[in-house]
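For reference, the chains in residue letters:
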Amino acid sequence: MIEFFRKLFAPTNSSQTAKERLRLVLMTDHLSLAPDMIEQMKRDFIDVIAKYVEVDRDKIEINFEQQDKALAMLANVPILAVNRNGGGGDGGKKREEPATVEAAAATGSTGSTATPALPRRRRRKKSAPPAVAPSNASPAPAG
Amino acid sequence: MHEVQPEPVPVAEKAKRGRAIVITSGKGGVGKTTTTANLGHALAARGCSVALIDADVGLRNLDIVLGLESRVKHNLLDVLDGTVELDDAIVRDKHNASLVLLAAAQTREKDEVDTEKMKALVERMREHYDYVIIDCPAGIEGGFKNAVVGADEAIVVCTPEVSAVRDVDRVVGLLGNKFRPQLIVNRLRPALVKKGKMLSVEDVNAILRLPLLGVIADEPEIIVTTNRGEPIALRKDGATAAAYHAIAAKIAGEDVAAPTVEIKETGFFGRLGAMFGGAK
Ligand SMILES: Nc1ncnc2c1ncn2[C@@H]1O[C@H](COP(=O)(O)OP(=O)(O)OP(=O)(O)O)[C@@H](O)[C@H]1O
Ligand SMILES: [Mg+2]
């Protein structure tokens, strides 16, 4: 409802639109201008995931994408194995097929009512089990 | 024994170390040349000696805005090439003798400028003027590099538009910390800002986060002053002239209040006028 009114009145305030567009475009600019930082962030990110599950480092894909109201980091992390005591909860069930973690971290969406930037699930293997979205890396509503 | 007095040339003063400031923006047409001309006049009006360099080689404009086009005989490239002496290439302003211009070459290319020679020239001019102000061309290529190479301070001009802010952001990134860039927001329309139809100075600077040097309104009279070749800073009164003088005072290190924006309704038609001040 709030969203409806926000949208209804949005077109009159073009400076707000300008601000939003500017914020997003600059984030994208700054990312592309800091390749070293991005690489370091990717490495750190993978290291964190690897603390919990065994990942296929060579097949990891991390991309940035400008979405409607946010800049999203989309990560596709093939998982080779889950520790017996890992946080996955399914108690060391061994899988043949690597599972895939798709994490999306969206930056700075406007206000709390804004539509959460849902990761478009790309390249998900049909045979793969449902993707696990780590709660600390996704703004998507839980459940 | 007595020294022979040299001819009264524009660079007659003895060695000093003036400030070299580049006026840049990235995006074209946001008001770099207009700003350069007006700040040149405003600084000269304070009694400072000021040299303006038009570094927009190939698209010479500054002489027109200053109304000096008929006086220009030689240009920046002649000096850099060594075919003409600096003193012979420099043109003195009609209104204020402490303001001089080194015009750009209209029929040459930006890449004909030798970066090292440009740097040396600005260095040399700083010994004779309190301020050397360089009007930078649009873009971030060679012309930009040559314009900034001799400067040690930068003023970035930005209009309240997404593209202009983005380009200034890029330019500031390229300049790095060395130039301590300061911001002038140009062509602001306070009435539109109030209606939510234009980015405000705060919106712009929430992103750029630069020291705010001043704000210049979108001023229809600037067209008239450009037509005449008499920058608006020459006028005795008016909010825009005052705003340029306030910026000059701030550049000179005076404690100037932050630029204020007032929306004033005047006349029966509720005409909206903008007041900018702070130099009081
Ligand atoms: N504050 C202002 N109010 C109204 N018009 C302005 C203002 N500032 C600049 N202009 C106008 O905008 C146009 C572009 O200005 P100017 O030539 O100074 O920009 P520039 O950044 O030097 O352009 P370029 O990138 O082509 O060198 C000119 O017609 C000028 O008169
Ligand atoms: Mg110009």
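Calculation criteria
Residues numbered from 1 in each chain as written. Chains lettered and ligands numbered in written order. Predicted model: local features only at pLDDT ≥ 70, side-chain atom pairs only at ≥ 80, totals over all residues. Heavy atoms only, no water. Helix = DSSP H or I, 4+ residues; strand = E, 2+ residues; numbered from the N terminus. Buried < 20%, exposed > 50% of the residue type's maximum accessible area, 1.4 Å probe, protein only. Contact = heavy atoms within 4.5 Å. Areas by Shrake-Rupley, 256 points an atom, 1.4 Å probe, with all protein chains shown as cover. Buried area = accessible area lost by both parts, 1.4 Å probe. Salt bridge = Lys/Arg side-chain N within 4 Å of Asp/Glu carboxyl O. Polar contact = N/O pair within 3.5 Å; in protein donor to acceptor, adjacent residues only side chain to side chain. Nonpolar A, V, L, I, M, F, W, Y, C, P; charged D, E, K, R; others polar. Pairing = 2+ DSSP bridges. Axes fitted to C-alpha atoms, helices over the stretch in contact; angles between N-to-C directions. Near = heavy atom within 4 Å. Expected span 1.5 Å × (residues − 1).

A. Representation of the overall build of chain A in the model. If you tally the helices and strands in chain A, you get 3 helices and 4 strands. The secondary structure elements of chain A, listed N-terminal to C-terminal, are α-α-α-β-β-β-β. Burial statistics for chain A: of 143 residues in total, 33% are counted as buried. Here the analysis covers contacts within chain A between residues at least 6 apart in sequence; of these, 64% occur between residues at least 24 apart. Summed over all atoms, the accessible surface of chain A reaches about 9400 Å², with 56% contributed by carbon and sulfur.

B. Quick peek at the interface of chain A and chain B. The partner chain B presents 11 residues to the 13 residues of chain A that form the contact. Buried area between chain A and chain B, both sides added, is near 1100 Å², and the carbon and sulfur share of it is 65%. Connecting chain A to chain B are 2 salt bridges. Put simply, Asp 29 of chain A and Arg 166 of chain B hold a salt bridge, and the shortest N to O gap is 2.7 Å. At the junction of chain A with chain B, the criterion picks out 5 residue pairs in polar contact (both at pLDDT 80 or more). Considering only residue class, the side of chain A that touches chain B consists of 5 nonpolar, 5 polar and 3 charged.

C. Local environment of the sheet that holds strand 5 (residues 131-135) of chain B. Residue and element names in this part refer to chain B. One open sheet accounts for 8 strands, arranged 3-4-2-5-1-6-7-8; its pairing is mixed. Looking along the sheet, the strands with just one partner apiece sit at the ends: strand 3 (91-92) and strand 8 (212-217). The sheet contact formed by strand 6 (residues 153-158) and strand 7 (residues 182-188) spans 4 bridges and is parallel. By the bridge assignment for strand 7, Ile 155 is matched with Gln 182. In the packing of helix 9 (residues 201-208) onto the sheet, contacts are made with strand 6, strand 7 and strand 8, and the angle to strand 7 comes to roughly 150 degrees.

D. Up close: the site of ligand 1. All names here are of chain B. Around ligand 1, the structure places 17 residues, and the nearest of them are Lys 32, Thr 33, Thr 34, Asn 186 and Glu 219. The backbone of Val 30 places a nitrogen or oxygen atom 3.2 Å from an oxygen atom of ligand 1. Thr 34 has a polar side-chain atom sitting 2.5 Å from an oxygen atom of ligand 1. The fraction of the free accessible surface of ligand 1 (630 Å²) that becomes covered by protein chains is 79%. Among the secondary structure elements, those contributing two or more residues to the shell around ligand 1 are helix 1 (32-45), strand 7, strand 8 and helix 10 (221-228). Broken down by element, the shell around ligand 1 gets its largest block of residues, 3 residues, from helix 1.

E. Representation of the pairing of strand 5 of chain B. Residue and element names in this part refer to chain B. A large share of strand 5 lies buried, amounting to 5 of its 5 residues. Every second residue of strand 5 is oriented toward a common face, with Tyr 131, Ile 133 and Asp 135 on one face and Val 132 and Ile 134 on the other, all of them buried. Note that strand 2 (residues 50-54) and strand 5 share 5 bridges and pair parallel. Following the sheet pairing, Asp 54 is matched in strand 5 by Asp 135.

F. Region of interest: the environment of Thr 36 of chain B. Residue and element names in this part refer to chain B. Mapped onto the secondary structure, Thr 36 falls in helix 1. Measuring from C-alpha to C-alpha, the distance between Thr 36 and Val 162 comes to 23 Å, with 126 residues separating the pair along the chain. Discounting residues that sit within four places of it in the chain, Thr 36 has contacts with Ile 23, Leu 52, Leu 62, Ile 133 and Asp 135. Reaching out from Thr 36, the side chain makes a polar contact with the backbone oxygen of Lys 32 at a distance of 2.7 Å.

G. Here's a closer look at helix 2 (residues 14-32) of chain A. If you check helix 2 of chain A, its first and last C-alpha atoms are 27 Å apart, about what 19 residues at 1.5 Å a residue would give, namely 27 Å. What helix 2 of chain A keeps buried is the set Ser 15, Ala 18, Glu 20, Leu 22, Leu 24, Val 25, Leu 26, Asp 29 and Leu 31 of chain A. Residues of helix 2 of chain A that are buried in the fold lie against helix 3 (35-50), strand 2 (61-66) and strand 3 (71-82) of chain A together with helix 7 (162-175) and helix 9 of chain B.

H. Looking closely at the pattern of salt bridges. Residues and elements named next belong to chain B. Tallying each qualifying case throughout the model produces 17 salt bridges over all chains. Put simply, Asp 81 and Arg 108 hold a salt bridge, and the shortest N to O gap is 3.2 Å. Remark: Arg 108 occurs in the loop between strand 4 (99-102) and helix 5 (115-126) and Asp 81 occurs in helix 3 (residues 76-81); sequence separation between them is 27 residues. We classify Asp 81 as partly exposed; its relative accessible area is 40%. Owing to a relative accessible area of 26%, Arg 108 belongs among the partly exposed residues under this scheme.

By themselves these figures say nothing about function.
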